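This is what each chain is made of:
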Amino acid sequence: MTTEQPSAAARARTRSRRRVITIVTLCVALVAVLLGAAGAVVYARAALDTAGQVAFDRELAIPPLADSSVQADGTRVFTLKMLEGATDLGQGTPTPTLGVNGSFLGPTLRAERGEQVRIDVTNSMAETSTLHWHGMKLPAAMDGGPHQVVAPGEKWSPTWTIDQPASTLWYHPHLHGRTADHAYRGLAGFFLVDEPGTVDLPDDYGVDDVPLVIQDKSFDADGSLDDGPPLFSPVGIVGDTILVNGTPGPYLDVTTERVRLRVLNGANARVMNLGFTDDRAFAVIASDGGLLPEPVRTDRLTLSPGDRAEIVVDVAAGERTVLRSHPQDLGTNPVTARFSGGDDTLDVLELRAAESLAPTAQVPGTLAGDDARLPDAGTATATRTFTLAGNSINGEPMDMGRIDEVVESGATEIWEVLGRDDMVHNFHVHDAQFHVLDVAGTVPPLELQGWQDTVYLQPGKVTRLLVTFGNHTDSNTPYMYHCHILAHEDAGMMGQFVVVGPGEEAPDRIEVLDDGTHLGHGAGYDAGHEQGDGRGPRTVHLGH
């Protein structure tokens, strides 16, 4: 039997197909190699390092203390205006910004425990916004969250009695879907609560008691803020320039043997691992909610966005040292950590000690009294679980009409919080203070054992919080709990709870400004600005 041989044409077609397959395979391999090489280059360049490169040629700006008046009934009244403006942020030309009573950031509000305060907030911008009193215990209708919007030209006058220990709090916008944009452009400031009779600590504001709001920004070539997230960033904006109190390259002239620094991480997304370049130890004396039971000596302090801490630093006459944000272990995979800023080294502030220093007393060994005492976890009346993943909490994106949790006034509860998606998250609760009981069964370091309202979540590990709630009840006006990575918050990683009296019920849903889940991402927008142009609103795609 004779086997028929392929024709010459058929053999040619087969060879041609093989050549095509080989060429395509080689091209795919080449593209893969090039993409891998490009990815390696992008990964390598994603780590910022400004160590030794900052000139520190501008004196640190100190936020002014806000003026106030006291009415006949004893109410202390502050007047705040949200403004649009332009600010010298070191770009050679003024940068379009937002501010409170000025073009960028705002004044420091200061009041005593027990005082009744009223804050007249006027929106003189072209955009709707809010001001939220972060860390303050107050009625929900006064909280300044997404439900308390202030339209252009309108005034809002929240009033409440301050009833919490001496602490470093702050205020910032909280318009749902727009918080990141408004905060990035400059709406923020300190709110200091004082309490007579506290221990002897440095307290000369702006001299040996200095507030520091640390933020990272990026700029376009024309000097405007670049509000677009870096390539591959999973957390939104991670800037390449550090500002302290709005000052680029700042130095602080220190004239006393010890200086108290009230440190606020005011960044949109960056977690900061703060310490000095000479690795000197410093005393951590307070956390979000006030003084610690006793000072904690350390040479590193990690603050996630929204976190505050107070530290006391010893200096010697004539010396200089630099506060730096060091690389850190964010607990995520290496790629996520790199593109979230975890590998960055950023010089923040230079301390310049005078040749002759005024004497300062040692930090007392005992700081707080009963206010710092940890409640008994056995008295907790409920345990709740919260899982953060994607753009949601417990699988639900933010819905301003939905009540997610109902809490009884004055309750102590255990909240178990988990960041499940190997991303950078933290967790903030309004109108509450909590102690961190443990992280995956491990007791936290001493500096995290004070009262907190914001905590970093180690990915994949349950953080157990012992949460104490206030006595302001309102079944129809909610407080928030959310990730304070502002891009995540805006995208829907937020929930709502109401505080009710014993036996009181709350509705499943409440009326909102429209029939949707939030204010509406078109409200207050200026059509003259484009998304991510650094000067105007940045629309956030919520995906829900």
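Residues numbered from 1 in each chain as written. Predicted model: local features only at pLDDT ≥ 70, side-chain atom pairs only at ≥ 80, totals over all residues. Heavy atoms only, no water.

### Comments concerning the overall build of the protein
Part 1 of the reasoning: Along the protein, the regular secondary structure elements total four helices and 33 strands.
Part 2 of the reasoning: Scored against the burial criterion, the 544 residues of the protein give a buried share of 54%.
Part 3 of the reasoning: Sequence-distant contacts in the protein: of pairs separated by 6 or more residues, those separated by 24 or more amount to 78%.
Part 4 of the reasoning: Per element, the accessible surface of the protein, about 21700 Å² overall, is 51% carbon and sulfur. (Helix = DSSP H or I, 4+ residues; strand = E, 2+ residues; numbered from the N terminus. Buried < 20%, exposed > 50% of the residue type's maximum accessible area, 1.4 Å probe, protein only. Contact = heavy atoms within 4.5 Å. Areas by Shrake-Rupley, 256 points an atom, 1.4 Å probe, with all protein chains shown as cover.)

### Some remarks on the layout of surface pockets
Part 1 of the reasoning: Within this model, the largest pocket holds a volume of roughly 520 Å³.
Part 2 of the reasoning: Looking at the largest pocket, it is lined by 28 residues, and the ones nearest its centre are Thr302, Pro445, Leu448, Tyr456 and Gln458.
Part 3 of the reasoning: Elements with a contribution of two residues or more to the lining of the largest pocket: strand 18 (282-287), strand 20 (301-303), strand 21 (308-314), strand 29 (432-439) and strand 30 (454-457).
Part 4 of the reasoning: Of the residues contributing to the lining of the largest pocket, the split by class is 14 nonpolar, eight polar and six charged.
Part 5 of the reasoning: By volume, the second largest pocket amounts to about 320 Å³. (1 Å grid on protein atoms, 1.4 Å probe; cavity = no way out; pocket = protein on both sides within 12 Å on 5 of 7 lines; lining within 4 Å. Points joined across faces, edges and corners; volume = space filled by probe spheres on them. Nonpolar A, V, L, I, M, F, W, Y, C, P; charged D, E, K, R; others polar.)

### A short note on empty space enclosed by the protein
A probe matching the size of a water molecule, rolled over the atoms, marks out where space remains unfilled.
Part 1 of the reasoning: Tallied over the full model, the rule gives two cavities of 30 Å³ or more.
Part 2 of the reasoning: A volume near 50 Å³ is recorded for the largest cavity.
Part 3 of the reasoning: Lining the largest cavity are Trp170, Ala183, Ala188, Gln215, Gly266, Ala267, His484 and Leu486.
Part 4 of the reasoning: Its residues assigned to classes, the lining of the largest cavity comprises five nonpolar, three polar and no charged.
Part 5 of the reasoning: For the second largest cavity, the calculated volume is near 30 Å³.
Part 6 of the reasoning: Pro63, Leu105, Gly106, Ala188, Gly189, Phe190 and Val213 together form the lining of the second largest cavity.
Part 7 of the reasoning: For the lining of the second largest cavity, the residue count by class is five nonpolar, two polar and no charged.

### A closer look at the confidence of the model for the protein
Part 1 of the reasoning: When pLDDT is averaged across the protein, the result is 90; 86% of the residues are at 70 or more.
Part 2 of the reasoning: Predicted confidence for residues 31-41 stays below pLDDT 50, and this span has zero contacts to residues more than four positions away or in other chains.
Part 3 of the reasoning: Predicted confidence is poor over residues 515-544, with pLDDT under 50, and the contacts of this stretch with residues over four places away or in other chains come to 73 contacts. (pLDDT = per-residue confidence, 0-100.)

### Some words on the environment of aspartate 490
Part 1 of the reasoning: With respect to the helices and strands, aspartate 490 occurs in helix 4 (residues 486-490).
Part 2 of the reasoning: Separated by 99 residues in sequence, aspartate 490 and asparagine 391 have C-alpha atoms that sit 8.9 Å apart.

### Structural notes on the pattern of salt bridges
Part 1 of the reasoning: Counted under the stated rule, the structure contains 34 salt bridges.
Part 2 of the reasoning: The salt bridge partner of arginine 270 is aspartate 344, with a shortest N-O separation of 2.8 Å. Pair noted here: arginine 270 is in the loop between strand 16 (258-265) and strand 17 (272-276) and aspartate 344 is in the loop between helix 3 (334-339) and strand 23 (346-358), with a separation of 74 residues, a long-range link. Of the two residues, arginine 270 and aspartate 344, neither departs from the other in class, the shared state being buried.
Part 3 of the reasoning: Between aspartate 399 and arginine 509 there is a salt bridge, with its nearest N and O atoms 3.0 Å apart. Of this pair, aspartate 399 sits in the loop between strand 25 (392-393) and strand 26 (405-408) while arginine 509 sits in the segment after strand 33 (494-500); the two residues are 110 residues apart in sequence, bridging distant segments of the chain.
Part 4 of the reasoning: Relative accessible area serves as the criterion here: at 46%, arginine 509 is assigned to the partly exposed category.
Part 5 of the reasoning: A single salt-bridge network, built from bridges that share partners, covers Arg110, Asp194, Asp209, Arg260, Arg262 and Glu310. (Salt bridge = Lys/Arg side-chain N within 4 Å of Asp/Glu carboxyl O.)

### Thoughts on the nonpolar core
Part 1 of the reasoning: Core analysis: the largest hydrophobic core is formed by 34 residues, its most contacted members being Trp415, Phe427, Leu465 and Phe497.
Part 2 of the reasoning: The set of elements that each furnish at least two residues to this core consists of strand 24 (383-389), strand 27 (412-419), strand 28 (425-429), strand 29, strand 30, strand 31 (463-469), strand 32 (479-482) and strand 33.
Part 3 of the reasoning: At four residues, the largest contribution of residues to this core is made by strand 29.
Part 4 of the reasoning: With residues near it in sequence (within four places) discarded, phenylalanine 497 still touches Glu405, Val407, Trp415, Val429, His430, Phe469, Pro478, Tyr479, Met480 and Tyr481. (Core = buried A, V, L, I, M, F, W, Y, C linked by side-chain atoms within 4.5 Å.)

### Focus: the sheet that holds strand 7 (residues 132-134)
Part 1 of the reasoning: In spatial order, the strands read 5-11-10-7; together these four strands make up an open sheet with mixed pairing. Among the strands making up the open sheet, the edge pair consists of strand 5 (109-112) and strand 7. With strand direction ignored, the average angle separating the axes of adjacent strands in the sheet is 25 degrees. (Pairing = 2+ DSSP bridges. Axes fitted to C-alpha atoms, helices over the stretch in contact; angles between N-to-C directions.)

### Here we look at the packing of aromatic side chains
Part 1 of the reasoning: The tally for this structure, following the rule as stated, stands at 19 aromatic pairs.
Part 2 of the reasoning: Here the aromatic rings of tryptophan 415 and phenylalanine 469 are separated by 5.6 Å at their centres, their planes lie at 45 degrees, and the arrangement is tilted. Note that tryptophan 415 is positioned in strand 27 and phenylalanine 469 in strand 31, a separation of 54 residues in sequence.
Part 3 of the reasoning: Judged by its relative accessible area of 5%, phenylalanine 469 is buried.
Part 4 of the reasoning: Ring geometry for phenylalanine 469 and phenylalanine 497: centres 5.6 Å apart, planes at 70 degrees, overall edge-to-face. (Phe/Tyr/Trp six-rings, centres within 6.5 Å; stacked < 30°, edge-to-face > 60°.)

### Looking at the sheet that holds strand 12 (residues 209-217)
Part 1 of the reasoning: Taken in spatial order, the seven strands of this open sheet run 14-13-12-16-21-18-19, and their pairing is mixed. The open sheet terminates on both sides in strands that have one partner only, identified here as strand 14 (247-248) and strand 19 (290-298).
Part 2 of the reasoning: Judged from the five bridges that link them, strand 18 and strand 19 form a sheet pairing that is antiparallel. The partner of alanine 283 across the bridge, within strand 19, is arginine 297.

### Observations concerning the side chain of glutamine 328
Part 1 of the reasoning: By the secondary structure assignment, glutamine 328 is in the loop between strand 22 (320-325) and helix 3.
Part 2 of the reasoning: In this structure glutamine 328 comes out as buried when scored by relative accessible area, which is 14%.
Part 3 of the reasoning: Among the polar contacts made by the side chain of glutamine 328, one reaches the main-chain carbonyl oxygen of valine 271 at a distance of 2.9 Å.
Part 4 of the reasoning: Residues contacting glutamine 328, with those up to four places away along its chain left out, are Val271, Met272, Asn273, Thr302 and Gly342. (Polar contact = N/O pair within 3.5 Å; in protein donor to acceptor, adjacent residues only side chain to side chain.)

### What about unusual backbone geometry?
Most peptide bonds adopt trans geometry, and most residues besides glycine take a negative phi value.
Part 1 of the reasoning: Even without being glycine, leucine 105 reaches a positive phi, approximately 60 degrees.
Part 2 of the reasoning: Along the chain, leucine 105 falls in the loop between strand 4 (95-100) and strand 5.
Part 3 of the reasoning: Among the residues examined, leucine 105 registers a relative accessible area of 8% and is labelled buried.
Part 4 of the reasoning: Backbone geometry at asparagine 394 places phi at a positive 55 degrees, although glycine is not the residue there.
Part 5 of the reasoning: Its place among the elements puts asparagine 394 in the loop between strand 25 and strand 26.

### What about the pairing of strand 11 (residues 189-194)?
Part 1 of the reasoning: The buried count for strand 11 comes to five of six residues, which makes it a mostly enclosed element.
Part 2 of the reasoning: Relative to strand 11, strand 5 is paired through four bridges, and the arrangement is parallel. Opposite leucine 109, over in strand 11, you have phenylalanine 191 as the bridge partner.

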